[in-house]
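Listed below are the residues making up each chain.
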Amino acid sequence: MKSLEEDLYSAAFQKWEFSHSSKAHAYGPDGVLRTFENEFGEGEYWTYFRKNLFAINSFRMKFTKSLVLRYRCVEHLSIAFYDEVEGMTQNQGAPLSARAISIYLGGEGGEWEAHISNGASARGTSITFSPDYYRTYLQGRFGNIEDMRRAFLEVDGRHDMPDLTNLLRKARSYRGAGIAAELFYEGVISEVVATVMQHSPLYPKKRHGKRLTREDREAIDFICGYIASNLGEELSCSRLAGKLYMGQTKLKSLFKTATGLSPSRYVTRERMEEASRLLAEIDFTIAEVGREVGYAKPGAFTEAFRREKGCTPTRFREDKRAVLLPRHG
C-alpha cells in the first residue's frame, strides 16, 4: 500500500463530496474533519492518520435519499462500533447493529458496497488497519503470529465486549495533540489488537478461565442486543433471564464470563453511556434523559449518573458544551 489515505480514503471522500471543515474543535485537533451536505443528506467524518499504519475515524451521517454506495478498495481491515445505525446494510459481515462490533475485511481490488435507505443514519467510531500494520509492523515486532484478520472476524457482530467498545469510545473522545496524541492513539490501537486476540479461539494458550459454548455465546449476544434496544424499559436480572428461558444464577455466570460484569452492572453502564450521548447532543431536560434510559425519578437518575461519571448530568452537559464552543484569541 502506497498511502493509506490516498489509496483508501481520498476517492471515497471525493465521490461523496466531502469537504474540509474548520469545526474540528469537537474532535481531536491532530485529525481532519470533513463534512458533506447535498441531495443525499448530511454528515461529518473525522480521521486521524498514523503514518501508513492505521486510521482512527469518528462519523455521523444522515441520509434523505435511498442509494447504493460503492468504491474500489485496497486490502485493509476495519473494526467499528456503532452508537446508532439504522437503514444501512453492507456487502460483508454480520448485519449492522447499534452497540455491536462490526468487522470489515477489504481485499485488494475488491469493492465495498452499502445499501442506504431513505432516512438511514449512522453514528460511530472505527479503526482502519493497513497491511503495513498487521503484515509488517506486528510481524517485525512480535515475530510470526497468526493472521490477525481471522482473529478479528471472531468478534464480528458481538454485543458483549465492553472492554473493546470502551477503547473505541476513548479514541473518539480524546482531545490531546502532538506527541501525547501519537502515544495515546498508538496505545489504544495496541489495546484493541490485544483485546481481540485475547477473545479469539485462534490463541487458546493465551486464554484463561471458563469459555462459553456457542449456544451460551448466542444467548449473551441476543440479550446484550435486547438491552441496547430497550434501555428505557425494565431490565432486571429476572426479566433478562426470562427472555432467555434460563435461571438467574446461570445468566449471572454467563454474563460474568462473557463481559466481566454482572447483568445489572452492564445495564447501568450502557444506560449511562446512552445518557451521556443524549446530554451532549439532544436538548432534552434532565428528567427526559433519565426516562429515556429507564429512570422514572430525576433524583434517582442524577445519583446513578454521578456514581458512574463522577459528576451530575447538569455538570456533564455544561462541560461538554463548553468544549464544543469555538475558541477565540
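What counts as what
Residues numbered from 1 in each chain as written. Predicted model: local features only at pLDDT ≥ 70, side-chain atom pairs only at ≥ 80, totals over all residues. Heavy atoms only, no water. Helix = DSSP H or I, 4+ residues; strand = E, 2+ residues; numbered from the N terminus. Buried < 20%, exposed > 50% of the residue type's maximum accessible area, 1.4 Å probe, protein only. Contact = heavy atoms within 4.5 Å. Lys, Arg positive; Asp, Glu negative; His and termini not counted. Charge placed at Lys NZ, Arg CZ, Asp CG, Glu CD. Phe/Tyr/Trp six-rings, centres within 6.5 Å; stacked < 30°, edge-to-face > 60°. Lys NZ or Arg CZ within 6 Å of the ring centre and 35° of its normal. Axes fitted to C-alpha atoms, helices over the stretch in contact; angles between N-to-C directions. Parallel < 35°, antiparallel > 145°, perpendicular 65-115°, else oblique. Left-handed = near helix turned anticlockwise from the far one by under 90°. Nonpolar A, V, L, I, M, F, W, Y, C, P; charged D, E, K, R; others polar. Salt bridge = Lys/Arg side-chain N within 4 Å of Asp/Glu carboxyl O. Pairing = 2+ DSSP bridges. Expected span 1.5 Å × (residues − 1).

Details of the overall build of the chain
Moving on, step 1. Helices and strands together make up the secondary structure of the chain, namely twelve helices and eight strands.
Moving on, step 2. Taken across its 329 residues, the chain has 49% of its residues classed as buried.
Moving on, step 3. Long-range pairs, those at least 24 residues apart, make up 67% of the contacts in the chain with a sequence separation of at least 6.
Moving on, step 4. Here the chain holds 48 positive side-chain charges and 43 negative ones, and the gap between their average locations is 5 Å.

Considering the packing of aromatic side chains
Moving on, step 1. Under the criterion given, the structure shown has 26 aromatic pairs.
Moving on, step 2. For the ring pair Phe36 and Phe63, a centre distance of 6.2 Å and an interplane angle of 35° mean the geometry is tilted. A residue pair is termed long-range when its members are at least 10 positions apart, and Phe36 in strand E2 (residues 32-38) and Phe63 in strand E4 (residues 54-63) qualify at 27 residues.
Moving on, step 3. Ring centres of Phe255 and Tyr266 lie 5.3 Å apart, and the angle between their planes is 65°; on these two criteria the pair is classed as edge-to-face. In this pair, Phe255 sits in helix H8 (residues 248-259) while Tyr266 sits in helix H9 (residues 263-281), placing the two residues eleven residues apart along the sequence.
Moving on, step 4. Residue classification places Phe255 among the buried positions, given a relative accessible area of 0%.
Moving on, step 5. If you follow Arg271 out to its NZ or CZ, it ends over the ring of Tyr295, 5.8 Å from the centre.

Overview of the packing of helix H6 (residues 214-229) against helix H7 (residues 237-244)
Two numbers describe a pair of packed helices, the interaxial angle and the distance between the axes.
Moving on, step 1. Where H6 meets H7, the axes come as close as 10 Å, and the angle between the chain directions of the two elements is 125°. One way to sum up the angle between H6 and H7 is to call them oblique. Remark: the crossing between H6 and H7 carries right-handed chirality. Judged by residue contacts, Ala219, Phe222, Ile223, Tyr226 and Ile227 of H6 engage Arg239, Leu240, Lys243 and Leu244 from H7.
Moving on, step 2. For the contact of H6 with H7, the residue count by class is seven nonpolar, no polar and two charged.

Section: the pattern of salt bridges
Moving on, step 1. One pass over the structure, following the stated rule, counts 25 salt bridges.
Moving on, step 2. Residue Glu75 is joined to Arg149 by a salt bridge in which the shortest nitrogen-to-oxygen separation is 3.9 Å. Residue Glu75 is located in the loop between strand E5 (67-73) and strand E6 (76-90), and its partner Arg149 is located in helix H3 (residues 148-153); the two are separated by 74 residues in the primary sequence. With respect to class, Glu75 is no different from Arg149; both count as buried.
Moving on, step 3. Glu84 is paired through a salt bridge with Arg277; the nearest N and O atoms lie 3.1 Å apart. Of this pair, Glu84 sits in strand E6 while Arg277 sits in helix H9, and the two are 193 residues apart along the sequence.
Moving on, step 4. On the accessibility criterion, Arg277 (15% relative accessible area) is buried.
Moving on, step 5. Connected through salt bridges with shared partners, the residues Asp83, Glu84, Arg99, Arg123, Arg172, Arg269, Glu270, Glu274, Arg277 and Glu281 form a single ionic network.

Description of the pairing of E4
Moving on, step 1. Across the ten residues that make up E4, a large majority, eight, are buried.
Moving on, step 2. Across ten bridges, the pairing between strand E3 (residues 41-50) and E4 is antiparallel. Bridge pairing in E4 places Gly41 opposite Phe63.
Moving on, step 3. Of the pairings in the sheet, the one linking E4 to strand E8 (residues 110-129) comprises nine bridges and is antiparallel in character.

A few points about H9
Moving on, step 1. With 19 residues, H9 extends 27 Å between its outermost C-alpha atoms, agreeing within 8% with the 27 Å of an ideal straight helix rising 1.5 Å per residue.
Moving on, step 2. Where burial is concerned, most of H9 is hidden: 14 out of the 19 residues are buried.

Focus: the environment of Val289
Moving on, step 1. Mapped onto the elements of the fold, Val289 is located in helix H10 (residues 286-292).
Moving on, step 2. We classify Val289 as buried; its relative accessible area is 0%.
Moving on, step 3. Distance from Val289 to Gly106, taken between C-alpha atoms, is 39 Å for residues 183 residues apart in sequence.
Moving on, step 4. The contact partners of Val289, leaving out residues within four places of it in the chain, are Ala275, Leu278, Leu279, Phe284, Phe301 and Arg317.

Overview of the pairing of E2
On any regular strand, side chains alternate: one points to one face of the sheet, the next to the other face.
Moving on, step 1. Pairing of strand E1 (residues 19-20) with E2, which is carried by two bridges, proceeds in the antiparallel orientation. Following the sheet pairing, Ser19 is matched in E2 by Thr35.
Moving on, step 2. Alignment of E2 against E3, held across seven bridges, turns out to be antiparallel. Across the sheet, Phe36 pairs through a bridge with Gly43, a residue of E3.
Moving on, step 3. Where E2 folds back onto E3 in an antiparallel hairpin, the turn is made up of two residues.

Remarks on the packing of helix H4 (residues 162-173) against H9
Moving on, step 1. Axis separation between H4 and H9 bottoms out at 13 Å; the angle between their running directions is 20°. When the interaxial angle is binned, H4 and H9 end up roughly parallel. Considering only the axes of H4 and H9, their crossing is left-handed. Seen from H4, the contacting residues are Pro162, Thr165, Asn166 and Arg169; seen from H9, they are Tyr266, Arg269, Glu270 and Glu273.
Moving on, step 2. Looking at the contact of H4 with H9 residue by residue, the classes come out as two nonpolar, two polar and four charged.

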